[in-house]
Each structure stands twice: as structure tokens, then as C-alpha cells.
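Spelled out, the chains give:
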Amino acid sequence: GQNIDQPTEMTATEGAIVQINCTYQTSGFNGLFWYQQHAGEAPTFLSYNVLDGLEEKGRFSSFLSRSKGYSYLLLKELQMKDSASYLCAVRERASNYQLIWGAGTKLIIKP
Amino acid sequence: DAGVIQSPRHEVTEMGQEVTLRCKPISGHDYLFWYRQTMMRGLELLIYFNNNVPIDDSGMPEDRFSAKMPNASFSTLKIQPSEPRDSAVYFCASSGQGIYEQYFGPGTRLTVT
């Protein structure tokens, strides 16, 4: 069955590093996406992983291990504007290649 | 590109009234998605279209909800009659080509009293 787990909330300090984990169980994995959603706004695309390993994009990196059903989003040099919810979404064959969404992790950045 | 456009941005209506939400996808995208987001249930896929054809509407809550895509640049989501439990933010998203990441519109915040 489909199941995506993320922590509900995390707190970190400005300038620090934070890792947001996502575990999943799917039928026919076909890619994992991370989205950022600021309060009152729409989700925006951050990163995509389909093969094992690390994808780096500026201050943000995303890692995938397909054998473990595990991904993480790493945010470096945290800024106050990084306070948002981060959603993990998995694309799978069983859902006709559409995205299965996690509940999101609310990240709070403190000065 | 203007991105995905949705209207209205806010809608307040009384129970029993008909509500129509509108969406214009990004030009050239061949997939269009309607989502609903609430604090309790998170982001839920209601229905999606490929090349204007509805592919999967299994997420549509009940017969009160209907969606159409008469052409590649326009889609509607209609609720008739509306109920207070329909209060949520409704997002439209589109995707096309490459890795098919989805681009979201700004959403319509619906309040049914």
C-alpha cells in the first residue's frame, strides 16, 4: 500500500543545517519530489530524485535510497525565509504515475 | 510565462449554493490536476486530465463534485450543492515534458457557511 512518512514539525536555528527525512512504501517507484510550501501559498517544486544518490541545488540537496525507501532534504545555511512546510511526494506505477503526497514537515527557523 | 492561473482567489458562499472554480494551465502542458488541501487531510488529488481527457476521478469526494476541461487552456471544478465540509484551499496544477514536475496555481480559498 501507499504510505509516506515525514516528521510533523522541526525547529532549527538560522545559519545552521537541517535534514528532513521521508520514508515511503509504494508499488512501482518512479521518482520522488520535494516541494516547499510557505503559509498561505502554493507548493513550489524543489527537487527530484529517481536514482540513488545525492542531488545538489544551491543550499538545498536531496538524497534517495530506493532499497531503503528513504529520502532526505538537506537545507544548509538556513535563512528565516526557509520557514515553510516541506512536502515529500512519490510517483508510482500503481497510481498511474501520479504523485502520492506526504503530510508535510513544518520547519520553524529561529534567530 | 504567467504560470498557472486560478480564479477566484477567495470564495465565500452559503451552504447549498453552486461554486465554480476556474483554472488556466501553463501553455504546452498536457496534464492538469485538481487538488484540495486542508489541515486535517493534507493535499488530496481530486481528478486529473491528460490532453483534456479525464483520466482518474477516484479522488472526487462524491457526485456533488464535477470537473471539465473543454480545451487545453481551461478547466473548471464545480461543487453543487456546496456544504461546509467543502471548505478548503483548492489548487490547480499542470505538468508536461521532462520529469513532469507539477506547477501549482495560487489556489482558491473556499469557505462555505
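Residues numbered from 1 in each chain as written. Chains lettered and ligands numbered in written order. Predicted model: local features only at pLDDT ≥ 70, side-chain atom pairs only at ≥ 80, totals over all residues. Heavy atoms only, no water.

Q: Looking at this model, I keep getting lost on the interface of chain B and chain A. Mind explaining?
A: Interface size, as often reported, equals the accessible area lost upon joining of the parts. Contacts between the two partners involve 16 residues from chain B and, on the opposite side, 13 residues from chain A. Taking both sides of the interface into account, the surface hidden between chain B and chain A amounts to around 1,300 Å²; carbon and sulfur atoms contribute 59%. Linking chain B with chain A are three residue pairs in polar contact (both at pLDDT 80 or more), by the criterion used here. Here the side of chain B that touches chain A takes four residues from strand β4 (residues 31-38) of chain B, the largest share from any one element. Taken together, the residues of the side of chain B that touches chain A break down into 12 nonpolar, three polar and one charged. (Contact = heavy atoms within 4.5 Å. Buried area = accessible area lost by both parts, 1.4 Å probe. Polar contact = N/O pair within 3.5 Å; in protein donor to acceptor, adjacent residues only side chain to side chain. Helix = DSSP H or I, 4+ residues; strand = E, 2+ residues; numbered from the N terminus. Nonpolar A, V, L, I, M, F, W, Y, C, P; charged D, E, K, R; others polar.)

Q: Help me out: how do you make sense of the sheet that holds strand β7 (residues 65-71) of chain B in this one?
A: For sheets, the rule is that strands pair by backbone hydrogen bonds, running either parallel or antiparallel. Residue and element names in this part refer to chain B. The strand order across the open sheet formed by four strands is β1-β3-β8-β7, and the pairing between neighbours is antiparallel. The strands lining the two open edges of the sheet, one partner per strand, are β1 (5-7) and β7. Shown here is a sheet whose adjacent strand axes are inclined to one another by a mean of 15°, direction ignored. Judged from the five bridges that link them, β7 and strand β8 (residues 74-79) form a sheet pairing that is antiparallel. Paired with F65 across the two strands is I79, which belongs to β8. (Pairing = 2+ DSSP bridges. Axes fitted to C-alpha atoms, helices over the stretch in contact; angles between N-to-C directions.)

Q: I tried to follow the pattern of salt bridges on my own but got confused; where do I start?
A: As a working rule, side chains carrying opposite charge can pair if their charged atoms are close by. All names here are of chain B. For the coordinates displayed, the defined rule picks out 11 salt bridges over all chains. The closest approach of N and O atoms between R64 and E62, which form a salt bridge, is 2.8 Å. Relative accessible area serves as the criterion here: at 9%, R64 is assigned to the buried category. Residue class for E62 comes out partly exposed when judged on its relative accessible area of 27%. (Salt bridge = Lys/Arg side-chain N within 4 Å of Asp/Glu carboxyl O. Buried < 20%, exposed > 50% of the residue type's maximum accessible area, 1.4 Å probe, protein only.)

Q: Honestly, the packing of aromatic side chains in this entry has me stumped. Any pointers?
A: Between two aromatic rings, the relevant description is the distance of the centres plus the angle of the planes. Taken as a whole and judged by the stated rule, the model has 19 aromatic pairs over all chains. Here A:Y35 and B:F104 contribute two aromatic rings whose centre-to-centre distance is 5.9 Å and whose plane-to-plane angle is 80°, an arrangement assigned as edge-to-face. Remark: B:F104 occurs in strand β10 (residues 103-104) and A:Y35 occurs in strand β4 (residues 29-37); the pair is interchain, linking two chains. Looking at A:Y35, the relative accessible area reads 0%, which means it is buried. Summarising the aromatic geometry, the rings of A:F63 and A:Y72 are spaced 5.0 Å apart at their centres and angled 20° between planes, so their arrangement reads as stacked. The exposure class of A:F63 is partly exposed, given its relative accessible area of 23%. (Phe/Tyr/Trp six-rings, centres within 6.5 Å; stacked < 30°, edge-to-face > 60°.)

Q: Any chance you could explain the sheet that holds strand β6 (residues 53-57) of chain A here in plain terms?
A: Residue and element names in this part refer to chain A. The five strands are arranged β1-β3-β8-β7-β6 in an open sheet whose pairing can be described as antiparallel. Both outer strands of the open sheet, β1 (3-5) and β6, are each paired with one neighbouring strand and no more. Pairs of neighbouring strands in the sheet enclose a mean axial angle of 15°, with direction left out of account. Looking at chain direction, β1 and strand β3 (residues 18-25) are connected through three bridges and run antiparallel. If you follow N3 over to β3, its bridge partner there is Q25.

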